[in-house]
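A closer look at the structure
So the chains spell out like this:
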Amino acid sequence: ILVMVLLGVVFAIGLGCLVGLLRVILAGPARKADAALARLGTGRLLLTGVLPLVGIGLIGAAAEATHVDALAVAWGIVLFLPAVLLMLVGALAAIPHLGGSLLKAREDRSLLARSVVGTVALGLALGATAPLPALAVVVGMLVGGWFLGAGRGVVCRPAAVPNEQA
């Protein structure tokens, strides 16, 4: 078990390095994802991520239940693939943001330090839910929705919210 834990930590550190590398290579989308995280509140970010993620899952289950291969392929191309790509772009901002929040210094720490700490924390948190499948599903949906909401913020600008002055 200790070997599995060590392999998981090494994998998480490697994933953090990958996030740092992708943020450098894909600097434009990473900046837009950062702006989406700053612009959208947590509730709105989760709402615009979790609900579409649930919908995509339900549509995928319905497509699979029909046993029509063409429908499943269409679901994969039209809904699943874009959602995965948006989640990857959202993760470029969310993982370093998580690491910076845990380090209590978002800009003072290097991108690599924030990315590694974010992926290690995310991996350990998701791993801790493994013995409780229902909790793992809920946490996975929240994290996936967070990533999807941040990624969606890169390609979609939210509607302007009117000022509420009384």
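Residues numbered from 1 in each chain as written. Predicted model: local features only at pLDDT ≥ 70, side-chain atom pairs only at ≥ 80, totals over all residues. Heavy atoms only, no water.

Here we look at the overall build of the protein chain
Looking only at helices and strands, the protein chain has six helices and zero strands in total. For the protein chain, the sequential pattern of α-helices and β-strands runs α-α-α-α-α-α. Along the longest, intermediate and shortest principal axes, the C-alpha atoms of the protein chain span 60 × 50 × 35 Å. The 166 residues of the protein chain split such that 30% are buried. Of all intrachain contacts in the protein chain linking residues separated by at least 6 positions in sequence, the fraction that spans at least 24 positions is 71%. Side-chain charges in the protein chain split into 11 positive and 6 negative, and the spacing between the mean points of these groups amounts to 9 Å. (Helix = DSSP H or I, 4+ residues; strand = E, 2+ residues; numbered from the N terminus. Buried < 20%, exposed > 50% of the residue type's maximum accessible area, 1.4 Å probe, protein only. Contact = heavy atoms within 4.5 Å. Lys, Arg positive; Asp, Glu negative; His and termini not counted. Charge placed at Lys NZ, Arg CZ, Asp CG, Glu CD.)

Considering the environment of Ala30
Mapped onto the elements of the fold, Ala30 is located in helix H2 (residues 27-39). Along the primary structure Ala30 and Gly20 are separated by ten residues, whereas in three dimensions their C-alpha atoms are 10 Å apart. Sequence-distant contacts of Ala30, that is, excluding residues within four places in its chain, are made with Arg23 and Ala93.

So, the side chain of Thr48
Tracing the backbone shows Thr48 in helix H3 (residues 42-65). You can call Thr48 buried: its relative accessible area is 17%. Residues within four places of Thr48 in sequence aside, it is in contact with Gly149 and Arg152.

Let's talk about the packing of H3 against helix H4 (residues 69-103)
Packed helices, taken two at a time, are described by their axes: the angle between them and the distance between them. The N-to-C vectors of H3 and H4 enclose an angle of 160°; their axes lie 10 Å apart at closest approach. One way to sum up the angle between H3 and H4 is to call them roughly antiparallel. Classified by chirality, the crossing of H4 by H3 is left-handed. Across the interface between the two elements, Leu53, Ile56, Ile59, Gly60, Ala63 and Glu64 of H3 pack against Leu71, Ala72, Trp75, Leu79, Ala83 and Met87 of H4. Considering only residue class, the contact of H3 with H4 consists of ten nonpolar, one polar and one charged. (Axes fitted to C-alpha atoms, helices over the stretch in contact; angles between N-to-C directions. Parallel < 35°, antiparallel > 145°, perpendicular 65-115°, else oblique. Left-handed = near helix turned anticlockwise from the far one by under 90°. Nonpolar A, V, L, I, M, F, W, Y, C, P; charged D, E, K, R; others polar.)

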